[in-house]
Amino acid sequence: MSVGAAVRRVRAYGGQFLLLAVLTLVVTLLISGVPRLVNRLAEQGLRTQLNSEPAARRDLSYTTSPAAVTSQRTAMGSAAERFDALAAEMPPQVRSAVTERWYSVETTEARVVGPDLAARNLLVDMGLRAMPDIQGASTLVDGAWPSETYVPDRPIEVALDVDVARKLNLRAGSQLRIGTTDDKGRLINGVPLTVTGLFRPVDRANGIWDGLPQLLQIIEPQGDGQPFVIVGVVAQSPLNKRAAEGWPVQTNWRYRLGADRIDARELDQLIDGLQVLQRNQPPELTLTQGVDVPLRAFAAQIDAVRTLLAVIAAGVLATLAGLIVLAASLATRRRRSEFALLRARGGGATAGARRSLAESVLVVPIAAVLGWWLGTLFPGAPDPTTPYVIAVTVLVTLALPLATLAVPAGGAVRRDLIRVRPSARRLTVEVSLLLLAGLAAVLLRRRGLTLGEVDPLLVSVPVLLAVAAAVLALRAYPWPLLLVSRLAARTRGSVAFLGTARAGRAAVAAPLVVVVLAIGTAAFCAVVAAGVDASRERAAAQIVPADAVIRGERFAPDTIDELGRLPGVRAVTRVLYEDDERFASDEVGTDAFIGQTDVLLVDGSGLDKVARDSQVDLSIPAALRTAAPGSGPLPAIVSPAVAADLAKAGLDDSAFISVQGQRYEFRVAGTADGFPMLAANARRFVILPWQALPTRTTTPVPTSLLIAGDSLDAEVLRVAGDQGQERYQRDGTVTGRERMIGVTVDTRADVRRDLGEGGANGVLAFGFVAGAAGGTVLGLLAIAFTVLAGARARGQVLSRLRTLGLSRRQWRGLLLVELTPLVAVSVLTGAIVGAVLPLLLNPVLGLSAFTSGVPVRVAFEPSLVAAVFALGAVALGFAVAVEALNNRRLRLGEVLRLGEES
C-alpha cells in the first residue's frame, strides 16, 4: 500500500479528514494549553491575595527575650552569625521563597528626659536599635549619623526619623538622658544621650522599616499617664558596649517570603515546610509568622477549583471523544461501498482498516503536534501533559480503523428500522452501563473526592450519569413519537405523519449521547455558578446583615442617635458580641460545668427593620423578634451543641449566662445552626433578645452597630464610630483605662465584592465560562453531526417526495417536524442531567472555600428553563441551517443516482 495512494485518498475525502484533524487539534490544544492557563490564573490569584495582605505578614520573625549578653561575643556579632544559620536551617521549600531578610539588635525601652521634651511636658520612652544597611535605606536630613567608634564617657549618639523628632520637639543636637525610673517615675541611673541626626526613609514600603516597634512611628500612650514610645538608631559599637555593661537587649531576625517566589502548584509543600519550621524552632527563640493563614485559604480554594475543573474537563473531553467517534463513523459510512468493493475483490477482513490506518497516520499526528505546540504558547507554567497528548494521538489515530472494522461485510444496510425488542447484546451493554453509573454515584457519595486530586472513576461519574440518562432517553424516545405518528395519520396532510414517522425510526443513539454530554456539562457549570453566586450573597448577608456594620469595643448610648442623623442613614440597631462566656445554674453564679460559648445580644425588632430596609433576606426567629420584658427567663436561640449540653444538664428551662459582667436568666426557645454576625463555623452560641432584658442599674453596651441606608460613606461612619467610643470612654467612671482600638467599618457591597474577587476566583470563573461555552458549542456541533449523519437519506426521501408534488414549504415543515423531537430530547435530557449533577456533586466539591465557609446550595433555577428553550431554538435553527447547506451542496436532483446507502 503506497503512501501516494493514501495521500490521494486523503485529498479525495479532504473534508472528512479535515474535520478529524480539527477535532484532534482541539483535544491536544486543550490538554496542553488549559493547564498552563489555569496555572497562570492561579499564580495571579496567589500574588493578588498575598499582596493584599500587609507586607509584614509574610515575614518569618525570630525573636529573643530581652536579656543581658552573657557570651564573649558581641551582641551584633552573635546576631550576624546566627542570621545565616537560621536561614540555612529552614526547609528547602521555605528557604527558596525568601526574598528579603534583615536583623537588628535593640535595647528595651527606657525613659528619656531632657529640656526639649520638658518644654512640651512630654513623657517619652525610647528603645535603641542597631541594624545593618539602615543608612542605605534612608537619607540624612540634618546632622550626622551616629559614630561607629566608641569613645568612653561620650554620650550615646542616636538618629531619629525626622517626622518622629518634630512631633516630640526634638532636633539634631538635642541633649537627653536615658535610664530606668523608680516607682514615682523619676529617672535613676541616667546616661547622657545626644540626637546627632535626623533621617527620612527613601521608601517607606521597604521592609527594613517593618520591625516592631517601628522606627518611623510614635506609639501612642495606651492610657492616662502612659508615655509615648519611640525607637532611635544607634551605631553597632556603642550598642555592643551597652549590652556588655548589662543593658537587656533583644535580637530580631526577619525573613520575608516573596509572592513571586511562591509556586501555586507547590503550596502544600510550602505549608508543610512552615509547620516543620514551627515545630523545630530553637527553644530560646520565639517564631512569629502569619503567612500560613492566607496560604491555607488559597490552597483550599485551589484544591476545590482543581477538582471542579477535573469534573468539567471530564465532560468536555468525553464530548470531544464522542465527536471524534461520530466523525470517524460518518467518514466510514460515506465510504462503505468502497470497503465492500475492496472485500469483494479479495481483500482481507482488515484490508479496509489498514487502509484507514495509513490515511489517519498522515493526518492525525500532524494535527496533534500542531495542537500541542499551540498549547505551549499559552501563558503559564507547564504541567506534565505530554504522555496524555501521546495517548490521545494514538487513540484518535486508531478511531478511523476501528470504525472501519465495524462496517458490516454485506455492504448496504437498512438504517431506518427500529426493533421493538433490542438485541440481547445491546440490552446487556445498556443495563451494565446503568449499573456502573449507579455504583459510581454511590461510591462518590460514600468516599467523596479528595480535593486537589483526581480520582478517574469518581471524576467520571458525571460522564457515566450523562450517558446513562441518554440511554434511558433513547429507550423512551420512540414511544411518544409512535403515539403522535398514529394521531397524525388520522389528520389531513402528509407532513406531520411523515415527519414523526421518520423521527421515530431515526438511528440517533451515538449523537444523542454526545449532545446530552455536551449540554449536561454546560448546564452543570451554569447551575453551580448560580449556586456559588447566591451563596456569596448569603455569606455577605451573614457577615453584614445590613448595608454597613461598625465594629468596635464599646459605644456610647447616644451613638445610635448620632448615626441616625447622618446623610443617607435610614435605620440603626445595636448588637453586642462576647466570646467564651460560661453558663451558671443559678443567679449567684454556680458553674454549670458546660463548655464556654459565644453570646450575641440583638434587638430583634430593630434587626428585622434594618434587614428589611437593607433588602437582606433575613429570617429572624419569632422568639427574638417578638420578645418583650417580663418576669420569666429570656427566650434564647441556641446552637444544637449548646441545646444538647443544657438538656443533658437539665438546664434547658432555666440557665444563666454572663453578659458584660451581668448574669441573665434564659430558656431555650429554639435552635439554629447559624446566625448573622457569627462565624460560619460557629458551633456554640446563645442569642438573647436585647429589647426583653430586665431593667438594671448597669445596662449592656453595644459592641457593633448595624446600619441601613443609601450611599453610605465608610469614612464618615468610621469617624462617627470612633467618636462614639471616645464618648463612652470619656463619660465612664473608671479613669486610666487603655485607649480603645479604632473601629472597623464593613459594607455588605464591599464584602460581596471581596468574596467574588481575588484568590482563586479567576480560575473558578474560567472553569465556569469555559465549561458552559465549550459545552454549548460542542453540543451544537454534535447536533450538526446528527443532521449530517442522516442528510443523504433525507435527501433521497425529499427527492422522491418532490417528484410526487411536495412543495418547498412542505419540505421545510417536514424537516422541522423530523428534527424537533431529536433536538428537544437531546437538549432537555442534557439540561436535566446538568441540573441533577450539582445535587450529587456539590457536597464533595468543597466550594464553601469561595463563600467564606457558608455552604454552597444549588437549587432549581427558573432562568435555566428559559435558557433551555433558547438553546433548543438555537439548536433547531442551527440544525435546519446545516441541513439546508448540505442539500445545496448535494444538489438534490442527483441524490437518487448516488446509491441507496448513505
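Just so it is clear, the model here is predicted, and its values are computed rather than measured.

Caption draft 1: Structural detail: the overall build of the protein chain. Of regular secondary structure, the protein chain possesses 28 helices and 21 strands. Here the protein chain holds 902 residues, and the buried ones make up 49% of them. Contacts in the protein chain between residues at least 24 apart in sequence constitute 82% of all its contacts with a sequence separation of at least 6.

Caption draft 2: How the structure looks around the nonpolar core. Core analysis: the largest hydrophobic core is formed by 161 residues, its most contacted members being Leu60, Tyr255, Leu295 and Phe524. When residues in this core are grouped by element, the largest group, 22 residues, is from helix H9 (residues 292-334). Setting aside chain neighbours within four positions, we find tyrosine 255 in contact with Arg58, Asp59, Leu60, Tyr62, Arg82, Phe83, Leu86, Ala87, Met90, Val98, Glu100 and Arg101. Listed in part, the 30 residues of the second largest apolar core include Ala539, Ala682, Ile687 and Leu755.

Caption draft 3: Quick look at the packing of helix H10 (residues 336-344) against helix H11 (residues 351-376). Where H10 contacts H11, the two axes come as close as 9 Å, and the packing angle between them is 130°. In terms of axis orientation, H10 runs oblique to H11. Here Glu338, Phe339 and Leu342 of H10 come into contact with H11, specifically with Ala351, Gly352, Arg355 and Ser356. In terms of residue class, the contact of H10 with H11 is made up of 3 nonpolar, 2 polar and 2 charged.

Caption draft 4: View of helix H15 (residues 461-476). The end-to-end C-alpha distance of H15 is 22 Å, a good match for the 22 Å that 16 residues give at a rise of 1.5 Å each. For H15, the set of buried residues is Val461, Pro462, Val463, Leu464, Ala466, Val467, Ala468, Ala469, Ala470, Val471, Ala473 and Leu474.

Caption draft 5: Seen up close, the environment of alanine 708. Its location among the elements puts alanine 708 in strand S20 (residues 704-709). When its relative accessible area of 0% is taken as the criterion, alanine 708 is described as buried. With 136 residues separating them in the primary sequence, alanine 708 and valine 572 have C-alpha atoms 6.4 Å apart. Filtering out sequence-adjacent residues up to four positions away, alanine 708 remains in contact with Asp547, Gly568, Val569, Arg570, Ala571, Val610, Asp613 and Ser614.

Caption draft 6: Geometry of the packing of aromatic side chains. Evaluated as defined, the whole model comprises 6 aromatic pairs. Taken together, a centroid distance of 6.3 Å and an interplanar angle of 85° make the contact between tyrosine 62 and tyrosine 255 edge-to-face. Of this pair, tyrosine 62 sits in strand S1 (residues 59-64) while tyrosine 255 sits in strand S10 (residues 249-257), and the two are 193 residues apart along the sequence. Ring geometry for tryptophan 145 and phenylalanine 199: centres 5.5 Å apart, planes at 25°, overall stacked. Within this pair, whereas tryptophan 145 is found in the loop between strand S5 (138-143) and strand S6 (156-161), its partner phenylalanine 199 is found in strand S8 (residues 187-201), the two being separated by 54 residues in sequence. Like tryptophan 145, the residue phenylalanine 199 is buried in the burial classification. Through pairs of rings, three or more aromatic residues link up here, namely Tyr62, Phe83, Tyr103 and Tyr255. One cation-aromatic arrangement involves arginine 335 over tyrosine 13; the distance from NZ or CZ to the ring centre is 4.5 Å.

Caption draft 7: Molecular detail of the sheet that holds S20. With respect to topology, 10 strands assemble into an open sheet ordered S14-S17-S18-S16-S19-S15-S13-S20-S12-S21, the strand pairing being mixed. Single-partner strands in this sheet number two, and they are strand S14 (583-584) and strand S21 (744-747). With 4 bridges joining them, strand S12 (residues 548-551) and S20 adopt antiparallel strand pairing. Bridged to arginine 551 within S20 is serine 704.

Caption draft 8: Spatial organisation of the confidence of the model for the protein chain. Predicted confidence across the protein chain gives a mean pLDDT of 85, with 89% of residues reaching 70 or more. Segment residues 733-737: pLDDT under 50, and 8 contacts once partners within four positions in sequence are set aside and those in other chains are kept. Overall, residues 897-902 carries pLDDT values under 50, and its contacts beyond four positions in sequence, including any with other chains, amount to 12 contacts.

Caption draft 9: Region of the structure containing the pattern of salt bridges. This structure, assessed with the given rule, holds 32 salt bridges. Where arginine 612 meets aspartate 608, a salt bridge forms, and the shortest distance between an N and an O atom there is 3.0 Å. Here the residue arginine 612 and the residue aspartate 608 both occupy positions in helix H20 (residues 604-613), the gap between them amounting to 4 residues, near one helical turn. For aspartate 608, a relative accessible area of 17% puts it in the buried group. Through salt bridges that share partners, Asp59, Asp210, Arg254 and Arg256 make up one connected network.

Caption draft 10: Geometry of helix H22 (residues 640-649). Inspection of H22 places Val642, Ala643 and Leu646 among the buried residues, and these make up the whole buried set. Buried residues in H22, looked at end-on, bunch into an arc of 100°, giving them a common side. For H22, the secondary structure elements touched by its buried residues are S14, strand S15 (597-602), strand S16 (634-638), strand S17 (655-659), strand S18 (662-671) and strand S19 (685-689). Two residues or fewer after H22 comes glycine 650, characterised by a positive phi angle close to 70°.

Caption draft 11: Looking closely at the side chain of threonine 332. Locating threonine 332 in the fold gives a position in helix H9. There is a polar contact of 2.8 Å between the side chain of threonine 332 and the backbone oxygen of alanine 328.

Caption draft 12: How the structure looks around the pairing of S16. Where burial is concerned, most of S16 is hidden: 5 out of the 5 residues are buried. Judged from the 5 bridges that link them, S16 and S18 form a sheet pairing that is parallel. By the bridge assignment, valine 638 is partnered in S18 with threonine 671. Pairing analysis gives 2 bridges linking S16 to S19, with the strands arranged antiparallel. Paired with isoleucine 637 across the two strands is isoleucine 687, which belongs to S19.

Caption draft 13: Structural view of a nonpolar patch on the surface. A grouping of Leu357, Val361, Ile390, Val394, Leu398, Leu402 and Leu405 is seen on the molecular surface, where their side chains present a nonpolar patch of about 600 Å² in accessible area. Only H11 and helix H12 (386-405) provide two or more residues apiece to the nonpolar patch. No other element matches H12, which puts 5 residues into the nonpolar patch. Inspection of the secondary structure assignment puts leucine 398 in helix H12.

Caption draft 14: A look at the pairing of strand S13 (residues 569-581). The pairing of S13 with S20 spans 6 bridges and is antiparallel. Bridged to arginine 574 within S20 is leucine 705. Of the pairings in the sheet, the one linking S13 to S15 comprises 5 bridges and is antiparallel in character. Looking at the pairing, glutamate 581 lines up with threonine 597 of S15.

Caption draft 15: Broad picture of the environment of serine 432. Within the secondary structure, serine 432 is located in helix H13 (residues 424-447). With 36 residues separating them in the primary sequence, serine 432 and alanine 468 have C-alpha atoms 9.8 Å apart. For serine 432, the side chain forms a polar contact with the main-chain oxygen of threonine 428, separated by 2.7 Å.

Caption draft 16: Structural detail: unusual backbone geometry. A cis geometry characterises the amide bond from leucine 212 onward to proline 213, with omega recorded as -5°. Inspection of the secondary structure puts proline 213 in the loop between S8 and strand S9 (228-233). Although it is not a glycine, serine 711 sits at a positive phi angle of roughly 50°. Looking at where serine 711 falls in the secondary structure, it is placed in the loop between S20 and helix H23 (714-731). Its identity as a non-glycine residue notwithstanding, serine 852 has a phi of 60°, on the positive side. Take serine 852: it is sitting in the loop between helix H27 (808-845) and helix H28 (862-890). Judged by relative accessible area, which is 39%, serine 852 ranks as partly exposed.

Thresholds applied
Residues numbered from 1 in each chain as written. Predicted model: local features only at pLDDT ≥ 70, side-chain atom pairs only at ≥ 80, totals over all residues. Heavy atoms only, no water. Helix = DSSP H or I, 4+ residues; strand = E, 2+ residues; numbered from the N terminus. Buried < 20%, exposed > 50% of the residue type's maximum accessible area, 1.4 Å probe, protein only. Contact = heavy atoms within 4.5 Å. Core = buried A, V, L, I, M, F, W, Y, C linked by side-chain atoms within 4.5 Å. Axes fitted to C-alpha atoms, helices over the stretch in contact; angles between N-to-C directions. Parallel < 35°, antiparallel > 145°, perpendicular 65-115°, else oblique. Nonpolar A, V, L, I, M, F, W, Y, C, P; charged D, E, K, R; others polar. Expected span 1.5 Å × (residues − 1). Phe/Tyr/Trp six-rings, centres within 6.5 Å; stacked < 30°, edge-to-face > 60°. Lys NZ or Arg CZ within 6 Å of the ring centre and 35° of its normal. Pairing = 2+ DSSP bridges. pLDDT = per-residue confidence, 0-100. Salt bridge = Lys/Arg side-chain N within 4 Å of Asp/Glu carboxyl O. Arc of directions from axis to C-beta. Polar contact = N/O pair within 3.5 Å; in protein donor to acceptor, adjacent residues only side chain to side chain. Patch = residues over 30% accessible without salt bridge, like charges linked within 9 Å, V, L, I, M, F, W, Y side chains within 5 Å. Areas by Shrake-Rupley, 256 points an atom, 1.4 Å probe, with all protein chains shown as cover.

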